Amino acid sequence: MIHQYKNNGYNIVMDVNSGSVHVVDDLVYDMIAFVEPLVEGGMKEPEAIKAAVISCEASGRPTEEVEEAIDEVLELYKEGQLFTPDIYENYIFDFKNRQTVVKALCLHIAHDCNLACRYCFAEEGEYHGRRALMSFEVGKKALDFLIANSGNRINLEVDFFGGEPTMNWQVVKDLVEYGRSREKECNKKFRFTLTTNGVLLNDEIMEFANKEMSNIVLSIDGRKEVNDVMRPFRGGQGSYDMIVPKFQKVAESRGQMNYYVRGTFTHNNLDFSKDVLHLADLGFKQISVEPVVAKPEDWYSIKEEDIPGLKEEYDKLAVEMIRRRKEGNGFNFFHFMIDLEGGPCVAKRLSGCGSGTEYLAVTPWGDLYPCHQFVGNEKFLMGNVDDGIVNTEIRDEFKCCNVYAKEKCKKCFAKFYCSGGCAANSYNFHGNINDAYDIGCELQRKRIECAIMIKAALAEDPDSVVSFFQKVSNDMYDALTKKMARTSLKSSYTLYNDKEMQKQYDEYGDTIDKWDEKIENYTQKYVKQFSAMET
């Protein structure tokens, strides 16, 4: 599968199944479009392909140049970087039968909030139910459940969520202390995160969070006039003036790393790129602003007719980000962050976030749901922290949720980047988790295109952005240099080639098999020992 597009002066070609990304000149770009149907139609011989293309090509360009461009396309094809077959769908049966462990929990520390955000899916923190705060006892059982169900995994993640978790701050601190107390004995390492609206942030909370929280998510929608319409107090007053100085202090206290300000744009601010840039102008270096997901009848929901304008906003934002980075004043935009060199393993690319299997949400009273967006929907109640997962059918349904289970995803170029999208959005719009939220898909595809274009722009002129990357990571410049490695071809260069995807999948399966064998060996060993003791 090939996806071609032009953005900001770059001709970009994605070979979806290999993960290769190429930047090419106009002629090679056109020749790829000619060659693709021939290869997919079964034509294999280079000379036959070349002759067929030349006979169809009527641009008036010199034959010698056309032939040279075709040769470059065929060389990439030969190297497995163009027109590669899909090798993953055949593995999906084994993938569905994989054993999963729980590695992350979203703890709903507070089903209560001191703001009244208009788009809140949690209904001011109540989640279609009652206001409640999680007790230490319930939270302790949740951490015990995570430890017990995490298998051999060492690194575990816990997000303190709400509502507003700082409204139950003592329990947050007590649970962190409890989790740390169990790390050594259980050979686990907790990675705690905090999501907060900032209203109750103070020096004591910041100090504790900077010591114990691996990441902090700070909720703000951008410009004052935008934020205060959508994120007011219950009395209608705006929250911007109260939270901005606190958030700036948090960002600086963490060295502009391991946090991000997170906003939501709606029909009320379709010019959302201005909100992103406003946050950058306030000094924030880690920024996420994403589209609201709301019922079509909600006044603030994104409409289909909004999509063209929103795509233009992403384009404008991408161009401005490049400019700022080249001037040494860059920032990260979460939705343009694509790791073309490393990135998630194949298993993750197929299955997505792991909701319902690896990731669960816990209510204040200890009920388990596939994720925070399903909380309150009794159809998706999986169990509780006392009894564990009781409704295994839900878990198995989510285990089968992957890009090949969704018809809309199978032929989408973005499938290995978005991993099939959000199951909750699919359910809320279509009544099942194996569909896709169409507006979200359109915007996701655009974000991926912009993200790759940014990679191309930075790879083309790396020296001017060295200082920015050195601030972000000491290792990133070396990675950028590797990404720039050119082939012997004159009219194209490769940003990325993921030939490792097959190898990764094989290693993934081999690792499971080895551990299954080890577990079986240990089981037999200890059964013999205990049997001997009994006799």
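Our subject is the structure that appears above.
Presented here is an overview of the structure given in this document. Small disclaimer: the values here were computed from a predicted structure and weren't measured. (Residues numbered from 1 in each chain as written. Predicted model: local features only at pLDDT ≥ 70, side-chain atom pairs only at ≥ 80, totals over all residues. Heavy atoms only, no water.)

## Remarks on the sheet that holds strand E11 (residues 286-291)
Alright, step 1. Read across the sheet, eleven strands follow the order E12-E11-E10-E9-E8-E7-E4-E13-E14-E15-E16 without closing on themselves; strand pairing throughout is mixed. Only two strands of the sheet have a single neighbouring strand rather than two, namely strand E12 (332-333) and strand E16 (388-389).
Alright, step 2. With five bridges connecting them, strand E4 (residues 104-108) and strand E7 (residues 155-161) associate as parallel partners. The residue bridging Leu105 from the neighbouring strand is Val158, located in E7.
Alright, step 3. Contacts from helix H5 (residues 136-148) reach E4, E7, strand E8 (189-196), strand E13 (359-362), strand E14 (367-369) and E16 within the one sheet, and its direction differs from that of E4 by about 170 degrees.
Alright, step 4. Strands E8, strand E9 (213-219) and strand E10 (259-265) of the sheet are contacted by helix H9 (residues 240-253), whose axis makes an angle of about 155 degrees with E9. (Pairing = 2+ DSSP bridges. Helix = DSSP H or I, 4+ residues; strand = E, 2+ residues; numbered from the N terminus. Contact = heavy atoms within 4.5 Å. Axes fitted to C-alpha atoms, helices over the stretch in contact; angles between N-to-C directions.)

## Topic: the nonpolar core
The nonpolar side chains of a soluble globular protein tend to be buried with one another.
Alright, step 1. Leu107, Phe160, Met213, Ile287, Phe333 and Phe336 are the most contacted members of the largest nonpolar core, which has 123 residues in total.
Alright, step 2. Considering each element in turn, this core owes the most residues, eleven residues, to helix H17 (residues 438-460).
Alright, step 3. If you look at the next biggest cluster of nonpolar residues, it comprises 20 residues, including Ile32, Ala69, Val73 and Leu74. (Core = buried A, V, L, I, M, F, W, Y, C linked by side-chain atoms within 4.5 Å. Buried < 20%, exposed > 50% of the residue type's maximum accessible area, 1.4 Å probe, protein only.)

## A short note on the pairing of E7
Alright, step 1. The element E7 is largely enclosed, with a buried count of five among its seven residues.
Alright, step 2. As paired strands, E7 and E8 are joined by six bridges and run parallel to one another. The partner of Asn155 across the bridge, within E8, is Lys189.
Alright, step 3. In this view, the connection linking E7 to its parallel neighbour E8 by way of helix H6 (residues 169-186) has right-handed handedness. (Right-handed = clockwise from strand over helix to strand, strands pointing away.)

## Quick word on H6
Alright, step 1. The end-to-end C-alpha distance of H6, which contains 18 residues, comes to 26 Å, matching closely the 26 Å that a straight helix rising 1.5 Å per residue would cover.
Alright, step 2. Trp169, Val171, Val172, Leu175, Val176, Tyr178, Gly179, Arg182, Glu183 and Cys186 are the residues of H6 that are buried.
Alright, step 3. Packed against the buried residues of H6 are E4, H5, E7, E8, helix H7 (203-212) and E9.
Alright, step 4. Once H6 finishes, Asn187 follows within two positions and takes phi at roughly 55 degrees, a positive value. (Expected span 1.5 Å × (residues − 1).)

## With respect to the packing of aromatic side chains
Alright, step 1. Evaluation of the coordinates by the stated rule reveals 18 aromatic pairs.
Alright, step 2. When the ring of Phe160 is compared with that of Phe192, the centres are 5.6 Å apart and the planes differ by 20 degrees; the resulting orientation is stacked. Taken together, the residues Phe160 in strand E7 and Phe192 in strand E8 connect sequence positions 32 residues apart. Considered together, Phe160 and Phe192 belong to a single accessibility category, that of buried residues.
Alright, step 3. Relative to Phe380, the ring of Phe374 lies with its centre 4.4 Å away and its plane at 45 degrees, an arrangement referred to as tilted.
Alright, step 4. Phe374 gets classed as buried once you look at its relative accessible area, which sits at 2%.
Alright, step 5. You can call Phe380 buried: its relative accessible area is 2%.
Alright, step 6. An aromatic cluster of three or more residues is present, and its members are Phe265, Phe272, Tyr314, Phe333 and Phe336.
Alright, step 7. Here the guanidinium or amino end of Lys6 rests over the ring plane of Tyr29, the centre of that ring lying 4.9 Å away. (Phe/Tyr/Trp six-rings, centres within 6.5 Å; stacked < 30°, edge-to-face > 60°. Lys NZ or Arg CZ within 6 Å of the ring centre and 35° of its normal.)

## Looking at the packing of H7 against H9
Alright, step 1. Between H7 and H9, whose axes approach to 11 Å, the crossing angle comes to 30 degrees. Classified by the interaxial angle, the pair formed by H7 and H9 is roughly parallel. Both H7 and H9 take part in a crossing whose hand is right-handed. Here Asp203, Met206 and Asn210 of H7 come into contact with H9, specifically with Lys246, Lys249, Val250 and Ser253.
Alright, step 2. Residue composition of the contact of H7 with H9, grouped by class: two nonpolar, two polar and three charged. (Parallel < 35°, antiparallel > 145°, perpendicular 65-115°, else oblique. Left-handed = near helix turned anticlockwise from the far one by under 90°. Nonpolar A, V, L, I, M, F, W, Y, C, P; charged D, E, K, R; others polar.)

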